[in-house]
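A structural walkthrough
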Amino acid sequence: MEFTQFEIASGKPEEFEGDMLVFCLLQSNKGFPGYKRDTGRYLKKAFSLGDFSGKAGEKIFYYPEYHRTKPEIKAKRVVFFGIGKITKEKSVNEVRELLRKLGGEIAKTAEQLKAASIMVVLPKLDIIDRAQNAECICEGISLGDYRFKKYKKPDPEENGYPGLKDVKVYAEVSEISTGEGMKRGEIAGKSACLARDMANEPANEWTPDKFASIGRELAEKYALKCRVLEKKDMKRLSMGGIIAVNKGSVDPPKLVIIEYRGKKNKQTLLLVGKGITFDSGGINLKPSAGMEDMKYDMCGGAAVLAFMQAVGKEKPELNIVAMIPATDNMLGSSSVKPGDVIRHYGGITSEIVNTDAEGRMVLADALAYGIKKFKPDCVVDIATLTGAAIIGLGHHYTGLLSNNDHLVDQLIEAGKSCGEPLWRLPLGQDYAKQIESRIADIKNAGGRAGGTITAGSYLEKFVGETCWAHLDIAGTAWDFTEKSYIPKGPSGTGVRTLLQLVRSWQEIIK
């Protein structure tokens, strides 16, 4: 949660007087000889009984005040968490994910105990350094501590838990690098939680104007530049895709543009996030079952906007431009109709054969405009674009399409590093033929076969020779693979992948 404070512990663990002291132990077949006195006896007993061996997912509680008048540990309670075995065969990314899950378990246990202040003693690991150790555990805690109760009336009998207030991190050495890692994890976690907050908002509250207002707030807070194109601007610029999707709505569209300037000699990355605040399908109306989830169709825009919060805090050297084309897709007397022809920014005409294929229509205008205006070295768009992505990849991988192998390699590695895996799908002329139109330059849907790929082929028409990648998060934006740090509902996926991409950026070779 945003109000949670993370800090490096100034005192030793036994001096901590907060609600919960956490030790993280590797799986052992010989017990835990490093712990002495009351703590050691407690662990030895639990180990001998087979109640705790340090396996991943195991935890036991210890209440020091019940054993001595002056206990060796001053915390109200101690919780030992098992990490499992970490062998040399495990990769760094596997260990990072294991620690994130551990952080999520710590947060869930804190909620169970209604613990407001905790201290986490970092485990000693050989595969990753202290900075990554602190980063991943704190990231998991921040992500796992998430809750959205804005619209729920508090129940006095439940004694509601507001979340963690204070998290102290203890490491025996390398305090500076540990602090840097802790901060990285905190920034990534809180930014992803901001994206979740946006997605959880109901569509009657989260309108296109909210994207604009949050964009302006972030710009003011972090010295960014924010510009919002209104409907009249889009008409003047002939952004026929956004205008067409918005025709059935009472809320005007917005194109939110946020600029961050790093160093002049560094490359420019353009990000475009789909901001469909509610998707009814238009005249090609969606089935009613589950339509309430279509408020999540703006998760790509939320990811890009929340990512810019992280950019404002970290201030990378890379130059970054973020764009969110925002509107809802509603059914009305003036709605765009199947068979209509629109003209996108830049002049490409499109035959609308399915009004529920609206995401690519708004993204196309934003991509074409952003590339022409900002001349980026690289562009990445992110969107809950196709149900076909769920059919093909389930809720476990984000679909990835691109025209540049170097960018693909960076994105896949970024996804592995932060626990948001991506799977590359092909592009090519055979798929592009599926969106050929008899009466316009292209049509906005290519049929059921290869639906995720043909949607990518549509977007590819608007990027030209620019290095480009498309992330289809339809399957991972919500109902993502269950983890201790991923809640039910929106996951905030994409924020941390983009952040890791920027953190480990390698210049794109043209």
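Structure's up top.
Residues numbered from 1 in each chain as written. Predicted model: local features only at pLDDT ≥ 70, side-chain atom pairs only at ≥ 80, totals over all residues. Heavy atoms only, no water.

1. Quick word on the overall build of the chain
Rules: Secondary structure elements are defined from DSSP: runs of H or I of at least 4 residues count as helices, runs of E of at least 2 residues count as strands, and each element is numbered from the N terminus. Exposure is judged per residue with a 1.4 Å probe applied to protein chains only, and the accessible area is read against the type maximum: over 50% gives exposed, under 20% gives buried, and values in between give partly exposed. Note on contacts: a residue pair qualifies if any of its non-hydrogen atoms lie within 4.5 Å across the two residues. In this description, accessible areas are obtained by the Shrake-Rupley approach with a 1.4 Å probe, and a residue is regarded as covered only by the protein chains that are shown. Neither His nor the chain termini are counted; the positive set is Lys and Arg, and the negative set is Asp and Glu. To locate a charge, take NZ of a lysine, CZ of an arginine, CG of an aspartate or CD of a glutamate.
Looking only at helices and strands, the chain features 14 helices and 18 strands. By principal-axis analysis of the C-alpha atoms, the chain measures approximately 85 × 55 × 45 Å. Taken over 510 residues, the chain has a buried fraction of 60%. Sequence-distant contacts, at least 24 apart, represent 79% of the contacts inside the chain between residues at least 6 apart. Carbon and sulfur atoms form 50% of the exposed surface of the chain, whose accessible area is close to 21,900 Å². In the chain, 73 side chains carry a positive charge and 66 a negative one; their mean positions are 2 Å apart.

2. Some remarks on the packing of helix H4 (residues 175-200) against helix H8 (residues 299-314)
Heads up, the rule is: Axes, fitted as lines to C-alpha atoms, cover a helix only where it is in contact. Angles between the N-to-C directions of the axes lie from 0 to 180 degrees. In what follows, roughly perpendicular refers to angles from 65 to 115 degrees, roughly parallel to angles under 35, roughly antiparallel to angles over 145, and oblique to any angle outside these ranges. Left-handed describes a crossing in which the near helix is turned anticlockwise from the far one by less than a right angle; the clockwise case is right-handed. Asp, Glu, Lys and Arg are counted as charged, while Ala, Val, Leu, Ile, Met, Phe, Trp, Tyr, Cys and Pro are counted as nonpolar; the rest, among them Gly, fall into the polar class.
Between H4 and H8, the shortest axis-to-axis distance is 8 Å and the interhelical angle comes to 150°. Comparing the axis directions of H4 and H8 gives the class roughly antiparallel. Here H4 and H8 pass one another in a crossing that is right-handed. Where H4 abuts H8, its residues Arg184, Ile187, Lys190, Ser191, Leu194, Ala195, Met198 and Ala199 lie against Cys299, Ala302, Ala303, Leu305, Ala306, Gln309, Ala310, Lys313 and Glu314. By residue class, the composition of the contact of H4 with H8 is 11 nonpolar, two polar and four charged.

3. Focus on the packing of aromatic side chains
Applicable threshold: The pairing test for Phe, Tyr and Trp rings, Trp by its six-membered ring, is centres within 6.5 Å, and the orientation test on the planes gives stacked under 30 degrees, edge-to-face over 60, and tilted for anything in between. Placement of a charge over a ring requires the Lys NZ or Arg CZ to be within 6 Å of the ring centre, with the centre-to-atom vector within 35 degrees of the ring normal.
One pass over the full model with this rule turns up 11 aromatic pairs. On the basis of an interplanar angle of 85° and a centroid distance of 5.4 Å, the ring pair of tyrosine 345 and tyrosine 369 is categorised as edge-to-face. Placement of tyrosine 345 in the loop between strand E12 (341-343) and strand E13 (349-351) and of tyrosine 369 in helix H9 (residues 359-374) is noted, with a sequence separation of 24 residues between them. The two residues tyrosine 345 and tyrosine 369 agree in class, both being buried. Pairwise contacts between aromatic rings join Phe23, Tyr42, Tyr62 and Phe80 into one cluster. The residue whose ring lies beneath arginine 196 is tyrosine 146, and the NZ or CZ to ring-centre distance is 5.3 Å. The residue whose ring lies beneath lysine 373 is phenylalanine 374, and the NZ or CZ to ring-centre distance is 5.8 Å.

4. Some points on a positive patch on the surface
How we decide: Patches here: salt-bridge-free residues with over 30% relative accessible area, like charges joined within 9 Å, nonpolar side chains (Val, Leu, Ile, Met, Phe, Trp, Tyr) joined within 5 Å. Note on definitions: salt bridges are taken to be side-chain nitrogens of Lys or Arg within 4 Å of carboxyl oxygens of Asp or Glu.
Side chains of Arg227, Lys372, Lys373 and Lys375 sit close together on the surface and give a patch of like positive charge. With respect to the helices and strands, the residue lysine 373 is situated in helix H9.

5. Topic: the side chain of glutamine 500
Along the chain, glutamine 500 turns up in helix H14 (residues 495-503). Beyond its immediate chain neighbours, meaning those up to four positions away, glutamine 500 contacts Arg96, Glu135, Ala414 and Ser417.

6. Quick look at the nonpolar core
For the record, the criterion: As used in this record, nonpolar core signifies buried Ala, Val, Leu, Ile, Met, Phe, Trp, Tyr and Cys residues forming a set joined through side-chain atoms within 4.5 Å.
Judged by nonpolar contacts, the single largest core of 68 residues is most densely connected at Leu269, Phe307, Met308, Ile320 and Val380. Of the residues forming this core, the biggest block, 10 residues, is contributed by H8. Beyond its immediate sequence surroundings of up to four residues, valine 380 is in contact with Leu269, Leu270, Leu271, Val272, Leu407, Ala469, Leu471 and Leu498.

7. Comments concerning the sheet that holds strand E17 (residues 442-443)
In a beta sheet, neighbouring strands are held together by backbone hydrogen bonds and run either parallel or antiparallel to one another. Note the following rule: One requirement defines pairing of two strands: DSSP has to find at least two bridges between them.
Spatial strand order, E12-E13-E17: three strands in an open sheet with mixed pairing. A single partner strand is all that each edge strand has here, and the edge strands are E12 and E17. Where E12 lies against E13, three bridges are found, and the strand directions are antiparallel. Within E13, the position partnered with arginine 343 by the bridge is threonine 349.

8. A look at the environment of alanine 364
Position of alanine 364 relative to the elements: it lies in helix H9. The exposure class assigned to alanine 364 is buried, which follows from its relative accessible area of 0%. Put simply, alanine 364 and proline 64 are 300 residues apart on the chain and 61 Å apart in space, counted from C-alpha to C-alpha. Filtering out sequence-adjacent residues up to four positions away, alanine 364 remains in contact with His344, Tyr458, Leu459 and Phe462.

9. Side note on the pattern of salt bridges
This structure, assessed with the given rule, holds 30 salt bridges. Where lysine 183 meets glutamate 186, a salt bridge forms, and the shortest distance between an N and an O atom there is 3.6 Å. Of the two residues, lysine 183 and glutamate 186 both sit in helix H4, three residues apart, roughly one turn of that helix. The buried category is assigned to glutamate 186, whose relative accessible area is 7%. With a shortest N-O distance of 2.9 Å, arginine 261 and glutamate 259 are connected by a salt bridge. Judged by relative accessible area, which is 46%, arginine 261 ranks as partly exposed.

10. What to know about helix H5 (residues 208-222)
Rules: In this analysis, the expected span of each helix is defined as 1.5 Å times one less than the number of residues it contains.
Look at H5: 22 Å from first C-alpha to last across 15 residues, which is about the 21 Å you get at 1.5 Å a residue. Buried residues of H5: Pro208, Phe211, Ala212, Ile214, Gly215, Leu218, Ala219 and Tyr222, and no others. Buried residues belonging to H5 abut H4, strand E7 (225-229), strand E8 (254-260), strand E10 (275-279), H8 and strand E11 (319-329). At the C-terminal side of H5, alanine 223 shows a positive phi close to 60°.

11. Details of the sheet that holds strand E3 (residues 59-62)
Taking strand neighbours across the sheet as the criterion, the six strands line up as E1-E6-E5-E2-E4-E3 in an open arrangement whose pairing is mixed. What marks the edges here is a single partner per strand, and that holds for strand E1 (5-8) and E3. On average, adjacent strands in this sheet sit at an angle of 20° to one another, irrespective of strand direction. Looking at chain direction, strand E2 (residues 20-26) and strand E5 (residues 117-121) are connected through four bridges and run parallel. The residue of E5 that forms the bridge with leucine 21 is methionine 119. Helix H1 (residues 37-48) contacts E2, E3 and strand E4 (78-84) of the sheet and is inclined by roughly 140° relative to E3. On top of the sheet, helix H3 (residues 130-144) reaches E1, E5 and strand E6 (166-170); it is set at about 160° to E1, its chief contact.

Remember, this is a structural readout, not a statement about activity or role.
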